Amino acid sequence: MKKNLFCIAIVIILFGCNADKKESYADGASQEVVLTDQSATDTLATPKIIKTAGMQFRVKDVQQAKETLSSHLKSQGGTVIEFSIQSHIQESTKVAYSLDSLKEISSYRKTGMLVAKVPSDKLDEFTNTVAKMAVFVDSQDMKLDDQSIAYLANKLKAQNRTEAIKQINKTATRKSNNVETSLYVKDGLVDKKIENISIDDRVKFSTITLSFYQNNTIQTHIIANDNLYNYKPGFFKRLGLNLIDGWNYFKELILVLSHLWMFFIAGFAVFFGVKYYLRSKNKPQNISK
């Protein structure tokens, strides 16, 4: 009987402890939810708006426009992250200028592209400055991307990973795989923090892409004449040279034939021998009675 009462007492005590633990865990979870909701409210109170803009316009001089844009960016705390200038030949022709030179006439179009980061609070002011500098604005656009929810998600996930790392470190042993799990969770924590740092940077500095061009430009150059025919001597000079070359060729032919004198003699001997033979054969013979 005493043993049964003792067992019942132990069961009651254990049940009471478990109830206290569950209540404590529930209170902690409730507190954590409250804190999370408070963090969410604080995060959403500051919108994370990423601005990207673009402009295409015509200028008087592309090179000068690039230098002016760089100066405006520097004065407003911005920076150039990419730029390029290209010349596209629209049409080109060559006309005779002198015996050994040509005039090359080219029509080309110069274009420029500049990508920059501008403080978001000065983006409108900068685009207005560019519009005033341009001769003609072809297009202008701006895009707003709200990253508030993604920022909040990364922040809450980072908090969860921080708590998970603490719990894993408490129960970590050399023989368990908690070390690898902790490393995996830490890498995820770093990724979420880096993503939010990137969002903060893009919120603070807006990206703008500027494409600009100038009217077609005509440019002339004096270049060497690459037509070899124009470098040949005149007609009478070439005629005299050809007569001299013909005489030289004739002399060379005589020299070549002189090597064959034995063949000529043999040929004449055979020719006259055959001719004499044919004559003697066809000569009528006297018939004696």
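Definitions and cut-offs
- Residues numbered from 1 in each chain as written.
- Predicted model: local features only at pLDDT ≥ 70, side-chain atom pairs only at ≥ 80, totals over all residues.
- Heavy atoms only, no water.
- Helix = DSSP H or I, 4+ residues; strand = E, 2+ residues; numbered from the N terminus.
- Buried < 20%, exposed > 50% of the residue type's maximum accessible area, 1.4 Å probe, protein only.
- Contact = heavy atoms within 4.5 Å.
- Areas by Shrake-Rupley, 256 points an atom, 1.4 Å probe, with all protein chains shown as cover.
- Core = buried A, V, L, I, M, F, W, Y, C linked by side-chain atoms within 4.5 Å.
- Phe/Tyr/Trp six-rings, centres within 6.5 Å; stacked < 30°, edge-to-face > 60°.
- Lys NZ or Arg CZ within 6 Å of the ring centre and 35° of its normal.
- Salt bridge = Lys/Arg side-chain N within 4 Å of Asp/Glu carboxyl O.
- Pairing = 2+ DSSP bridges.

Peer 1: Is there a simple way to explain the overall build of the chain in this structure?
Peer 2: Across its full length, the chain holds 7 helices and 6 strands. Taking all 289 residues of the chain together, the buried fraction comes to 20%. Partitioning the contacts of the chain with sequence separation of at least 6, the portion at a separation of at least 24 is 81%. As presented, the chain carries roughly 22,000 Å² of accessible surface, and 59% of it is formed by carbon and sulfur atoms.

Peer 1: Is there a simple way to explain the nonpolar core in this structure?
Peer 2: Note on soluble globular proteins: their nonpolar side chains tend to be buried together. In this structure, Phe57, Leu69, Leu114, Phe126, Ile208, Leu210 and Phe212 are the most contacted members of the largest nonpolar core, which totals 18 residues. For this core, the elements supplying multiple residues, two or more each, are strand E1 (49-58), helix H2 (62-75), strand E3 (101-119), helix H3 (123-133) and strand E5 (205-213). At 4 residues, H2 tops the list of elements feeding residues into this core. Setting aside its immediate chain neighbours within four residues, Phe212 contacts Phe57, Val59, Val62, Ala65, Lys66, Leu69, Thr111, Gly112, Met113 and Leu114.

Peer 1: Can you walk me through the packing of aromatic side chains in this structure?
Peer 2: For any pair of aromatic rings, geometry is given as the distance between the ring centres together with the angle between the planes. In total, this model carries 4 aromatic pairs according to the counting rule given. For the ring pair Phe235 and Phe236, a centre distance of 5.2 Å and an interplane angle of 80° mean the geometry is edge-to-face. Owing to a relative accessible area of 60%, Phe235 belongs among the exposed residues under this scheme. Residue classification places Phe236 among the exposed positions, given a relative accessible area of 68%. Over the ring of Tyr151 we find Lys48; its NZ or CZ atom is 4.4 Å from the centre of that ring.

Peer 1: What am I meant to see in the pattern of salt bridges here?
Peer 2: Scanning the entire structure with this criterion turns up 2 salt bridges. With a shortest N-O distance of 3.2 Å, Asp200 and Lys48 are connected by a salt bridge. With a gap of 152 residues between them, Asp200 in helix H5 (residues 178-204) and Lys48 in the loop between helix H1 (2-44) and E1 connect regions that are remote in the sequence. With a relative accessible area of 30%, Asp200 lands in the partly exposed category.

Peer 1: Looking at this structure, how should I read the pairing of E5?
Peer 2: The side chains of a regular strand alternate between the sheet's two faces. Alignment of E1 against E5, held across 7 bridges, turns out to be parallel. Across the sheet, the residue bridging to Gly54 is Thr209, located in E5. Inspection of the sheet shows E3 paired to E5 by 9 bridges, in the antiparallel sense. Among the inter-strand pairings, Lys117 is bridged to a residue of E5, identified as Thr207.

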